[in-house]
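# Summary of structural features
Next come the chains, spelled out residue by residue.
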Amino acid sequence: MNPLRPVILAAADSPRLKRMITGTPITADIVRRFVAGEDRDELIPVVRELLASRRLISVDFLGENTTDRAQADATVAEYLSLINDLAALGGSADAAARTEVSVKLSALGQALPADGPAIATENLHILCTKAGQAGVWVTVDAEDHSTTDATLATIRQLRAEFPWLGAVLQAYLHRTVADCGELSGAGSRIRLCKGAYREPHTVAYQRSAEVTDSYLRCLETLMRGDGYPMVATHDPVLIRAAEQLAVETGRGPGQFEHQMLYGIRDAEQLRLAAGSTMRVYVPYGGQWYGYLTRRLAERPANLTFFLRALVSKS
Ligand code: FDA
């Protein structure tokens, strides 16, 4: 894992830095690399282009840590319109090839005082009902470790009615190998990623090699299990491991999928799409700050590019 990552993520919490980053027009260039647009009008052409290149999509309306009920309601309304727009693009006869939305429970109200988790569960139920009717999948993103229990409880509860509801598990958490074992039952859609938040060593592996080892253990459990693994990584070692396990377990293209983030390793996305199922996570919306800082923290080269642009224009 990038050694600067915790430092960058800690600095990103500073309101002053946030004002500076969001206030400079230079930021727009780097935001455009990772974010498909400010609104659905900008998003939809990007989605069409990805679908035309044999890539599937999972769309995220950016936003997190909502502390205002009205904002959570506005997020639900936006997702309902998004699901309509995605359904209008035409579904696939093959269930595994459906379009998908990804959602953060903290954007649906999980962090609201008192009954936040119940509000988020109720809001997710509204989205799943609509998505089920429209033939669109839903997967719930994983946020910082303090939310994991509440998020998995919501997913378990709603899976009784919507068995296709996807969950994200983060390999850097010590608990995740066990979570993979528990959640890899028949039909279970699990997206496995390394994890993008700043976490203490008491709950999460800190060293890159440890995270990779944990990812490999989790991947093996999922690929040998009865569920539908969604292998969310850009790491060539892990992509090769997934391909190898797919051969060993006899999983064809419709029985697991590769996933990557919009704007990262585009050529590799196209290579994988030619022979496997490949889905791109496509974020859009105005609340891109948290998402952007996690992408900057993952790769010092992104930060250097950003700082250089900042210095050269000032
Ligand atoms: P790693 O960071 O080691 O990167 C491997 C290689 O990929 C790098 O060497 C570089 O070539 C390229 N790369 C990776 N990140 C890059 C970047 N930002 N810019 C340019 N190149 C980059 N996390 C989380 O905590 N909760 C979640 O819900 C999700 N959801 C999610 C969905 C999907 C579809 C993906 C692909 C990822 C997530 N993540 C996430 C993020 C994930 O946890 C992780 O932080 C990133 O995927 C980076 O880790 P890699 O596995 O790609 O490896």
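Okay, so let's go over this structure. Within each chain, residue numbers correspond to sequence positions counted from 1 in written order. Local features in a predicted model are, by the rule used here, given only for residues with pLDDT of at least 70; side-chain atom pairs are given and counted only at 80 or more, and totals for whole chains, interfaces and linings are based on all residues. Excluded from the side-chain calculations are hydrogens and water; all other atoms, namely the structure's heavy atoms, are used.

Further remarks concern helix H3 (residues 27-34). Only protein chains enter the accessibility calculation, which uses a 1.4 Å probe; a residue is then buried when its area is under 20% of its type maximum, exposed when over 50%, and partly exposed in between. Only DSSP runs of H or I with at least four residues qualify as helices, and only runs of E with at least two residues qualify as strands; both kinds are numbered from the N terminus onward. Looking only at H3, the buried set comprises Thr 27, Ile 30, Val 31 and Phe 34. Taken end-on, H3 shows its buried residues confined to a sector of 105°, consistent with a single buried face. What the arc covers is the set of directions going from the helix axis to the C-beta atoms.

What follows covers the nonpolar core. Residues grouped as a nonpolar core are buried Ala, Val, Leu, Ile, Met, Phe, Trp, Tyr and Cys residues, joined through side-chain atoms within 4.5 Å. Residues Leu 124 and Val 282 are the most contacted members of the largest nonpolar core, which totals 61 residues. The leading source of residues in this core is helix H10 (residues 236-249), at 6 residues. Residue contacts are defined here by distance: any two heavy atoms, one from each residue, within 4.5 Å place the two residues in contact. Val 282 has contacts with Ala 36, Leu 43, Val 46, Leu 50, Ile 57, Ser 58, Val 59, Asp 60 and Tyr 262, leaving out every residue within four places of it along the chain. Judged by nonpolar contacts, the second largest core, of 20 residues, contains Ala 12, Val 31, Phe 34 and Leu 296.

By definition here, a salt bridge exists when the distance from a side-chain nitrogen of Lys or Arg to a carboxyl oxygen of Asp or Glu is within 4 Å. Applying the stated criterion across every chain, the model contains 21 salt bridges. Its salt-bridge partner being Glu 268, residue Arg 271 comes within 2.9 Å of it at the nearest N-O pair. Here the residue Arg 271 and the residue Glu 268 both occupy positions in helix H11 (residues 266-275), the gap between them amounting to 3 residues, near one helical turn. Across the pair Arg 295 and Glu 298 runs a salt bridge whose closest N-O atoms are separated by 2.7 Å. Taken together, the residues Arg 295 and Glu 298, both in helix H12 (residues 289-298) and 3 residues apart, mark about one turn of the helix. By relative accessible area, which is 33% here, Glu 298 ends up partly exposed. Three or more residues joined by partner-sharing salt bridges are found here, namely Asp 60, Glu 100, Lys 104, Asp 141, Arg 189 and Arg 191.

Side-chain rings of Phe, Tyr and Trp, where Trp is taken by its six-membered ring, are said to pair if the distance between their centres is within 6.5 Å; with planes under 30 degrees apart they count as stacked, over 60 as edge-to-face, and otherwise as tilted. For the coordinates displayed, the defined rule picks out 5 aromatic pairs. With a centroid separation of 6.2 Å and an interplanar angle of 85°, the aromatic rings of Phe 61 and Tyr 79 are classed as edge-to-face. Here the residue Phe 61 occupies a position in strand S1 (residues 56-61), and Tyr 79 occupies one in helix H5 (residues 69-88), the gap between them amounting to 18 residues. What makes Tyr 79 buried here is its relative accessible area of 0%. Between Trp 137 and Trp 164 the ring centres are 5.9 Å apart and the planes differ by 45°, which places this aromatic pair in the tilted class. Note that Trp 137 is positioned in strand S3 (residues 137-140) and Trp 164 in the loop between helix H7 (148-159) and strand S4 (166-170), a separation of 27 residues in sequence. By relative accessible area, which is 15% here, Trp 164 ends up buried. These aromatic residues form a ring-pair network of at least three members: Phe 61, Tyr 79 and Tyr 284.

Here we take up the site of the ligand. Consider each residue's heavy atoms; a residue with any of them within 4 Å of a molecule or strand counts as near. Looking at the ligand, there are 26 residues lining it, with Lys 194, Gly 195, Thr 233, His 234 and Glu 298 nearest. Within the side chain of Gln 170, an N or O atom sits 2.9 Å from an oxygen atom of the ligand. Any pair of nitrogen or oxygen atoms within 3.5 Å is treated as a polar contact; in protein, a donor-acceptor pairing is required on top of that, and neighbouring residues in sequence qualify only through side-chain atoms on both sides. At 2.9 Å, a backbone N or O of Ala 196 approaches an oxygen atom of the ligand. Breaking the shell around the ligand down by element, the ones donating at least two residues are H3, S4, strand S5 (189-193), strand S7 (257-261) and H12. It is S7 that contributes the most residues to the shell around the ligand, 3 residues altogether. Classification convention: Asp, Glu, Lys, Arg as charged; Ala, Val, Leu, Ile, Met, Phe, Trp, Tyr, Cys, Pro as nonpolar; all other residues, Gly among them, as polar. Residues belonging to the shell around the ligand are distributed by class as follows: 11 nonpolar, 6 polar and 9 charged.

We now examine the packing of helix H6 (residues 116-134) against H7. Interhelical geometry of H6 versus H7 gives an angle of 40° and a closest axis separation of 10 Å. When the interaxial angle is binned, H6 and H7 end up oblique. Of the two elements, H6 crosses H7, and the hand of that crossing is right-handed. Of H7, the residues touching H6 (which contributes Pro 117, Thr 121, Leu 124 and His 125) are Thr 154, Gln 157 and Leu 158. Of the residues that constitute the contact of H6 with H7, the class distribution is 3 nonpolar, 4 polar and no charged. Orientation is described by axes fitted as lines to C-alpha atoms, over the contacting stretch for helices, and by angles from 0 to 180 degrees between their N-to-C directions. An angle below 35 degrees is read as roughly parallel, one above 145 as roughly antiparallel, one from 65 to 115 as roughly perpendicular, and any other as oblique. Less than a right angle of anticlockwise turn of the near helix away from the far helix marks a crossing as left-handed, whereas a clockwise turn marks it as right-handed.

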